[in-house]
Amino acid sequence: MLIKKQPDLTYADVTPKTLYMGRRNFLLGLVATGAAVEAWKKLPRLVSAAGTGSVPVKLNGVVKWPGSTSDTQTPIEKVTTFNNFYEFGTDKGDPSQNAKNFVTSPWTVSVEGEVAKPRKFTMDEIMKIAPLEERIYRHRCVEAWSIVVPWIGYSLSTILKLVEPTPKAKYVAFESYYDPKQMPWASSAGIELPYVEGLRLDEAMNPLALLCVGMYGETLPNQDGAPVRMVIPWKYGFKSIKSIVKIRFVKSQPPTTWNMYAGGTEYGFYSNVNPSVDHPRWSQASERRLGPGLGLFTRKIPTLMFNGYGDQVASLYAGMDLRKNF
Ligand SMILES: Nc1nc2c(c(=O)[nH]1)N[C@H]1C(S)=C(S)[C@@H](COP(=O)(O)O)O[C@H]1N2
Ligand SMILES: [Mo]
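Quick summary incoming for the structure in this document. From a predicted model like this one, the values you see are computed outputs, not experimental measurements.

**Concerning the environment of Gly67**
You can see Gly67 is positioned in the loop between β1 (63-64) and α3 (76-79). Gly67 gets classed as partly exposed once you look at its relative accessible area, which sits at 40%. Taking C-alpha positions, Gly67 is 8.9 Å from Tyr137, a pair spaced 70 residues apart along the chain.

**Things to note about the sheet that holds strand β6 (residues 171-176)**
Spatially, the 5 strands line up as an open sheet ordered β3-β2-β11-β6-β7, and their pairing is mixed. The sheet terminates laterally at β3 (119-122) and β7 (196-200), the two strands that pair on one side only. Ignoring which end each strand starts from, the neighbouring axes of this sheet average 15 degrees apart.

**Considerations on the site of ligand 1**
The full set close to ligand 1 counts 18 residues, and Asn83, Tyr86, Asp224, Arg229 and Lys242 are the nearest of them. Within the backbone of Asn84, a nitrogen or oxygen atom sits 3.2 Å from a nitrogen atom of ligand 1. For ligand 1, a nitrogen atom lies 2.9 Å from a polar atom in the backbone of Ser240. Considered on its own, ligand 1 offers 540 Å² of accessible surface; in the complex 99% of this is hidden by protein. The class makeup of the residues in the shell around ligand 1 is 8 nonpolar, 6 polar and 4 charged.

**Focus: the environment of Asn325**
You can see Asn325 is positioned in the segment after α9 (310-313). By relative accessible area, Asn325 is classed as partly exposed at 28%. C-alpha of Asn325 to C-alpha of Tyr270: the two residues are 55 residues apart in sequence and 6.5 Å apart in space. Look past the residues within four positions of Asn325 in its chain and what remains in contact with it is Tyr270 and Met320.

Reading the values: rules and limits
- Residue numbers run consecutively from 1 along every chain, following the written order of its sequence.
- Ligands are numbered from 1 and chains lettered from A, in the order in which they are written.
- Where local features are concerned, this predicted model is filtered to residues with pLDDT of at least 70; where side-chain atom pairs are given and counted, the filter is 80 or more; whole-chain, interface and lining totals use all residues.
- Working from all heavy atoms in the structure, the side-chain values ignore hydrogens and water.
- Only runs of H or I of at least four residues qualify as helices and only runs of E of at least two qualify as strands under DSSP, and these elements are numbered from the N terminus.
- Each residue is placed in one exposure class: buried if its accessible area under a 1.4 Å probe, protein chains only, is under 20% of its type's maximum, exposed if it is over 50%, and partly exposed if it falls in between.
- The criterion for strand pairing is that DSSP finds at least two bridges linking the strands in question.
- For helices, the fitted axis covers only the stretch in contact; all axes are lines through C-alpha atoms, and the angles between them, taken along N-to-C directions, range from 0 to 180 degrees.
- Near, as used in this document, describes a residue that has one of its heavy atoms within 4 Å of the molecule or strand being considered.
- Distance and chemistry together define a polar contact, namely a pair of N or O atoms within 3.5 Å, with one atom able to donate a hydrogen and the other to accept it when in protein, and with adjacent residues in sequence counting only for side-chain atoms on both sides.
- Every accessible area reported is derived by Shrake-Rupley at a probe size of 1.4 Å, with residue values counting cover from the shown protein chains alone.
- Just so you know the grouping, Ala, Val, Leu, Ile, Met, Phe, Trp, Tyr, Cys and Pro go in nonpolar, Asp, Glu, Lys and Arg go in charged, and all remaining residues, Gly too, go in polar.
- Contacts are assigned to residue pairs with any non-hydrogen atoms lying within 4.5 Å of each other.

Now the structure itself:
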């Protein structure tokens, strides 16, 4: 493990190398050294150095979704420089630096498997299938930090219905783009790639599950999962898979990247936000919110069951033991 004296700390140094530090040790380190503030002071430099590749463009005609949270939004500067996107490096500052030249056009998403009408959607088609909505959601990472983001997109169910799932379809499997040439950092990420995720069909059809093409009024920055990603606000952040190329309807529960990690002992398939079920290596009872202000984090707040979206999703899990199905 790399240990530096405080004055030498850089932004990258205070971000988690989960594979040799562990997510919990990262958080403890951040609190213990006060390095978060130091890191944040350096951020403006990182931001101005970014942006030589494809740049987000303004999205017009976006309608305001009525269910948005009134929680204070996290500033765009923090959401776009504090990322988890292991294909582009495992430090929080890596994706904003390393994904600058990520080629996201042309792009297609193949929707296939147990469906009557499999189809490849171009990004142009995806942008026009339904009116784009701005939905301000809380996003709670399993590492116990959280952000509040005005995402743009529409319910995943809209596109799923178009391909007409057969009665055999019980789960939906997602796959991220993976190109070792564009993502040389991926080989040391310590997870299996391409990144894969999955939902039960009824979870995928829940209106809250967002197919996301933008944020803060613009198309997605590369580091946040351009050109199209999922946002599933009642589940831990890693379920919200980025840069999707394939959506496949399947008969049985699909493998997922973080569930495969550590033999499924650390990250469950469901991974619903749940303050009463701790991660084996840390508590999930509270979280650090990234908000406005000089420091990286504004305050520590209690974590809510289903991240506060229980009214809309709790019924999906009626009768299930959420400790067993964590
Ligand atoms: N393909 C891919 N998707 C991913 C990840 C990743 O490493 N690769 N990280 C996940 C995790 S752990 C989180 S918290 C969110 C972070 O999204 P953000 O960087 O836009 O905040 O993306 C998720 N989607
Ligand atoms: Mo996460």
